[in-house]
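Here's the letter readout for the chains.
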Amino acid sequence: LAGADFVKTSTGKIDVAATPEAARGMCQAIRDYYEDGPQGGIQAAGGVRTAEEAALYYTIVEEILA
């Protein structure tokens, strides 16, 4: 309602930042909020350090928001 373009998992300044579980919940909230499809995005901050981890988050977004 405040006009955010995306939601962010964390600041990325702590040991455990982005988790697949958090990303899944945030994507579900984005999906549930917008009736006409996603109007916002998600930023997985911190914890994404490999191509495999990036692919995992991409898959979560694709499954829930596409």
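Residues numbered from 1 in each chain as written. Predicted model: local features only at pLDDT ≥ 70, side-chain atom pairs only at ≥ 80, totals over all residues. Heavy atoms only, no water.

Draft legend 1. Focus on helix α2 (residues 51-65). Between its first and last C-alpha atoms α2 spans 21 Å; for 15 residues at 1.5 Å apiece the expected length is 21 Å, and the two agree. Tucked into the core, α2 has its buried residues touching α1 (20-33). (Helix = DSSP H or I, 4+ residues; strand = E, 2+ residues; numbered from the N terminus. Expected span 1.5 Å × (residues − 1). Contact = heavy atoms within 4.5 Å.)

Draft legend 2. Main features of the packing of α1 against α2. Running from N to C, α1 and α2 cross one another at 25°; their axes reach a closest spacing of 9 Å. By the criterion of interaxial angle, the relationship of α1 to α2 is roughly parallel. Both α1 and α2 take part in a crossing whose hand is right-handed. Between α1 and α2, the contacting residues are P20, A23, R24, C27, Q28, I30 and R31 on the first element and L56, Y57, I60, V61, E63, I64 and L65 on the second. Of the residues in the contact of α1 with α2, the class split is 10 nonpolar, one polar and three charged. (Axes fitted to C-alpha atoms, helices over the stretch in contact; angles between N-to-C directions. Parallel < 35°, antiparallel > 145°, perpendicular 65-115°, else oblique. Left-handed = near helix turned anticlockwise from the far one by under 90°. Nonpolar A, V, L, I, M, F, W, Y, C, P; charged D, E, K, R; others polar.)

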